[in-house]
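# Residue-level structural notes
Below, each chain spelled out in residue letters.
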Amino acid sequence: MALLEVDHLSVTYTPRDQPANRAVHDVSFHISEGEFVGLLGESGCGKSTLGNAVLRLLSPPARITGGRVTFDGVDLTTADEEKLRELRWVDLSTVFQSSMNSLNPVIRVHAQFADTFAAHKVPGDVTERATELLELVALDRRVLRAYPHELSGGMKQRVALALALALRPKLVLLDEPTTGLDVVVQRGILTRLAELRRELGFAVLFISHDLGTVLEMADRVMVMYGGEIVEDRRAADMLREPRHPYSRGLLGSYADPRLPDVRVSYIPGRPPDLSRPHTGCLFAARCPHVEDACRTTHPDLLPDRHGLVRCLVAQSDRLPVVTLGSADAATTLGSHFPATGTLDRPADAAEAAPVLTVTGVSKRYTTRRGLRTSSVEAVRDVSFALRPGVVTALVGQSGSGKSTLARIVTAVERPTSGEVRFTGDDGTDVRVDRLRGAALRDYRRHVQMVFQDPFSALNPTRTVAYALSRPLANFAGLRGAAARERAAQLLESVGLAPAGQFLDKLPHQLSGGQRQRVVTARALAPDPRVLIADEPISMLDVSIRAEILELLGDLVRDRRLAMLYITHDLLSARLLADEVLVLNQGVLVERGPTREVIGAARDEYTRLLLDSIPNPFAKAAAG
Amino acid sequence: MAPVAYFVRRFLFFLGTLWAAVTLNFLIPRLQPGDPAEAIVSRLAGQSESIDPAQVQAIRVMLGTPDGNLFDQYVQYLGAVLHGDFGISYTYFPYSVTHMIGQALPWTVILVGVTQIISFVVGTLLGTWAAYRRNSRVDSVITLGSTFLGTLPFFWLALLLVYVFAITLRWFPERGGYGGGSSPGWNWLFISDAFQHSVLPAVALLITGPIGWIIGMRNNMVQSLGEDHTRLAVARGLPRRRVAITYGARIAILPNVTGFAIALGGILGGTVLVETVFNYPGMGRLLLESVSSRDYPLMQAIFLFTTIGVLVANFLADLLYGFLDPRVRKVESV
Ligand SMILES: Nc1ncnc2c1ncn2[C@@H]1O[C@H](COP(=O)(O)OP(=O)(O)OP(=O)(O)O)[C@@H](O)[C@H]1O
Ligand code: SF4
Ligand SMILES: [Mg+2]
């Protein structure tokens, strides 16, 4: 008998004002003692819902509508409160999707450990035990005296992990434990997790939409789509030959940025609406191998080459064969989906005269804490130039000063020293760091931003047409029908065609990728010369990131925009950028053409960033 | 983060607002047209008769209405305020304003203060219970019951009480703070008499008082029980009560604590409605009378008292909040 057995589990959300949503449908799987299982799938496919159902933490409007969860022989779906409480944390613990809020904000870390020990009558000194646990995750004992808000995101995540291991559980459920963290921090936590598992031997259910991480860490991988498991097999086999078209699509969105030729693919379309009835395969609308039968017959999850797959074509062995070398796996896999490689640029672009020149810029922040003042140099002596038709990537860890530079370039802030110059089309030259009033407003129309979070960048109560009409009225003086017409053109230029379908939609009616397109269209409205994109894809699903990158690349080429692409993701930098600037603690440590910097990094910090990227193919090659 | 800095900052802020309030209280009546001395003379003499300037001057001297330029007046005023000297009341001439307030204040502080504290405690407990048993019968009874009571007009409720318990059943006196048979002092007769008189107004206040706290507490707590840290506490196998108290109520009560402190500060202004209905000799009635008879010194002093009460309460609430919620200290001081 396996440690965890999930049999035909279904979960439905029945909100009062919306149709019921079958978030998890007929899911079955087992996890053995000490096994590390990954659960992969795009946002909204039901991963967290499944995880919460296993932990019996669902609350209305969610309800288990069928099936069973058995842990160590105990039926969790019917166990009474007290039985469940005895088992909780002692045998089965968890780290939530956003550990940012999973610690009680008004009590100290120490008290949260003490609560946990007291609840299970663990004898001994709390401080001593908690200190040991913190050491496991490489945290100092001083953390015990801190309140959660005094810790950084990575530290909170480690505290949550230490807490999860406090009672030496048999199974730990990790729901996106590193999403939203810096690559370097993420690497640190994952490495520690792998070591701890080897030492302590607990089993893990690891939920993530980040395929690189899951494949690298897990023994076995389950892929979820539309509330169902569509593929379940050993990670090594999945890497060699994924059998479900959706798994292939996901794998195609991953590549090693160091390779000479990098291509990634994306999965067009949106996941199915689970509040409507479906016949046939849920993936049919997006599948490149779809056949007539797929639209009428719902495939079952059946054994297939040492694993399980839910695909009619794969089951009858008619799926195109892919043989994967370790190096260009993604290229081959992606070949059935639209793919985008490093984007071509006109040859003369590098020689074009710069539109924006940053020379010797430094920024010092002075913070007052009580009576003491301290100052931080966020950016130190940075120089670079942005040219039309060229993408310059600015990479670095969080806190390295990337966003400070963005604020300086967009004249939201002034540098402490150094200068920023903007050269207009007509050859006029302005000192950006000295602009005020009308001149500043005029400058802003030339330099536009695309933000990280497409969900908060748009007013949820206003239509797309309205969002676009604002900058059109402010900068181009367009109103009424003229504005609407221009808005439609802009939408089409960002690939939202026919525009008529989108103009009157509200943000919540759009997918993440569509919203980011609208945000991009809004940035293009004043017809800017420079586009600053601050992590424009980091909040998007892996399967659609490439699509937005391609859009940005096309815009730069077609409109001869100069673009500053800010990111900590070196793969996207590799795909989009012509040149790369690596920023470490406010100082530019490396710069040059993308392929050289990323393919053969000289600086130690750049190499650290590169090594922090999850790389399942390295593991496959090694073992 | 040094909490001291937070507390020092709150204190300086408190002093600043206090000064502003006192100054506004000085300026506003002086910006109004008309001479208060003339007003009082015409009151004393009856509205229609003509006013003798000598009489006005005499009154002015007697009232201590200050002469000199605005700045001198301001300095004098500050001195007077510091000594608790607010001049003579027009209505209760020749009693001083301070005397009148001294008479009314204990009535209000005891009646409203006690009922406020009880309301808060009861409201918080009921709200916590409703949230703890959310979506159960108990929850529906508590929430629907208090929402229903909240929709009844206070005035109507108070009159109903008077009608049933004072006029019909004659269990309690109908109006006033004490009866004719007793006189204020520390004697049993007076205390029991005053208590009898306070029952109906207190009941009226206690029926409506807890409603806001119940609803506020319940909603905050339902929310905090839905948050990740609470769910994680459940996943950690913490006993249900511990989760409800440390992870639910402990956080949910924070906004209510501030609200409570401010409500206590507001007591000094009295509760006009209840004191009017029951003809209760407290601050609310005094305020009403001072307004309706344009008794500026009295009005001004009551307003100042109320403002100071609210400011002090606010300051204490801030301190308490900073003590209860570690997050605030951080946010404020960065
Ligand atoms: N409280 C809720 N009420 C109604 N529907 C919900 C609720 N929570 C989640 N859902 C729906 O259930 C489905 C699955 O959500 P779930 O959070 O499990 O996805 P996920 O795979 O964890 O996504 P992510 O990667 O974004 O965390 C989604 O369609 C979501 O819209
Ligand atoms: S069943 Fe058909 S539509 Fe579904 S994944 Fe397989 S090939 Fe694609
Ligand atoms: Mg999730």
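All figures in this text were calculated on a predicted structure; none of them were measured in a lab. (Residues numbered from 1 in each chain as written. Chains lettered and ligands numbered in written order. Predicted model: local features only at pLDDT ≥ 70, side-chain atom pairs only at ≥ 80, totals over all residues. Heavy atoms only, no water.)

As a further point, take a nonpolar patch on the surface. Together, Val-4, Val-8, Phe-11, Leu-12 and Leu-15 of chain B make up a nonpolar patch on the protein surface, roughly 450 Å² of accessible area in all. Take Phe-11 of chain B: it is sitting in helix H1 (residues 3-31). (Patch = residues over 30% accessible without salt bridge, like charges linked within 9 Å, V, L, I, M, F, W, Y side chains within 5 Å. Areas by Shrake-Rupley, 256 points an atom, 1.4 Å probe, with all protein chains shown as cover. Salt bridge = Lys/Arg side-chain N within 4 Å of Asp/Glu carboxyl O. Helix = DSSP H or I, 4+ residues; strand = E, 2+ residues; numbered from the N terminus.)

Next up on the list: the pattern of salt bridges. All names here are of chain A. One pass over the full model with this rule turns up 39 salt bridges over all chains. Notably, a salt bridge pairs Arg-364 with Glu-377, separated by 3.7 Å at the nearest N-O pair. Residue Arg-364 is found in strand S15 (residues 356-369), and its partner Glu-377 is found in strand S16 (residues 372-386); the two are separated by 13 residues along the sequence. Between Arg-602 and Glu-590 there is a salt bridge, with the nearest N and O atoms lying 3.8 Å from each other. Of this pair, Arg-602 sits in the loop between helix H21 (594-599) and helix H22 (604-612) while Glu-590 sits in strand S24 (residues 587-593); the two residues are 12 residues apart in sequence, bridging distant segments of the chain.

This part covers the site of ligand 1. All names here are of chain A. Lining the immediate surroundings of ligand 1 are 15 residues, of which Ser-43, Gly-44, Ser-48, Thr-49 and Gln-97 lie closest. At 3.4 Å, a side-chain N or O of Asn-21 approaches an oxygen atom of ligand 1. Between ligand 1 and Gly-44, the relevant distance is 2.8 Å, taken from an oxygen atom to a main-chain nitrogen or oxygen of the residue. Computed on the free molecule, ligand 1 has an accessible area of 640 Å², of which 67% lies beneath the protein chains in the complex. Contributing elements (two or more residues each) for the shell around ligand 1: strand S2 (21-31) and helix H1 (47-54). (Near = heavy atom within 4 Å. Polar contact = N/O pair within 3.5 Å; in protein donor to acceptor, adjacent residues only side chain to side chain.)

Let us now look at unusual backbone geometry. Excluding glycine, residues mostly carry a negative phi; peptide bonds, for their part, are mostly trans. Residues and elements named next belong to chain A. The omega torsion of the bond from Pro-60 to Pro-61 falls at 10 degrees, within 30 degrees of zero and hence cis. Tracing the chain through its elements places Pro-61 in the loop between H1 and strand S4 (62-71). Unlike most non-glycine residues, Gln-585 shows phi in positive territory, near 45 degrees. Within the secondary structure, Gln-585 sits in the loop between strand S23 (579-584) and S24.

All names here are of chain A. Among all positions of helix H4 (residues 126-136), only Val-126, Ala-130, Thr-131, Leu-133, Leu-134 and Leu-136 are buried. In this structure, the buried side of H4 is in contact with helix H3 (109-119), helix H5 (153-164) and helix H6 (183-200). Trailing H4 by a residue or two, Ala-138 shows a phi angle of about 60 degrees, which is positive. (Buried < 20%, exposed > 50% of the residue type's maximum accessible area, 1.4 Å probe, protein only. Contact = heavy atoms within 4.5 Å.)

At the interface, 28 residues of chain A touch 26 residues of chain B. Roughly 2500 Å² of surface becomes buried between chain A and chain B when both sides are summed, with 60% attributable to carbon and sulfur atoms. When the buried surface of chain A facing chain B is broken down by residue, Val-106, Asp-115 and His-149 of chain A rank first, second and third, together holding 22% of it. One can count one salt bridge joining chain A with chain B. Of all the secondary structure elements, the ones that give two or more residues to the side of chain A that touches chain B are strand S6 (92-95), H3 and S15 of chain A. With four residues, the top contributor of residues to the side of chain A that touches chain B is H3 of chain A. Its residues placed into classes, the side of chain A that touches chain B shows 11 nonpolar, 11 polar and six charged. (Buried area = accessible area lost by both parts, 1.4 Å probe. Nonpolar A, V, L, I, M, F, W, Y, C, P; charged D, E, K, R; others polar.)

Attention now moves to the domain arrangement of chain A. Residues and elements named next belong to chain A. When the domains of chain A are assigned, the result is domain 1 (99-168), domain 2 (242-338), domain 3 (357-446 + 530-545 + 560-613) and domain 4 (456-527). Centre-to-centre, using C-alpha coordinates, domain 2 lies 37 Å away from domain 3. Counting residues at the interface gives 14 residues for domain 2 and 13 residues for domain 3. With both sides pooled, the region where domain 2 packs onto domain 3 buries about 1100 Å², and carbon together with sulfur makes up 61% of that total. The largest per-residue losses of area from domain 2 upon contact with domain 3 belong to Ser-253, Pro-257 and Arg-258, which jointly make up 48% of the total buried on that side. Connecting domain 2 to domain 3 are zero salt bridges. Here domain 2 is connected to domain 3 by one residue pair in polar contact (both at pLDDT 80 or more). Its residues placed into classes, the side of domain 2 that touches domain 3 shows 10 nonpolar, one polar and three charged. (Domains from an automatic or database assignment.)

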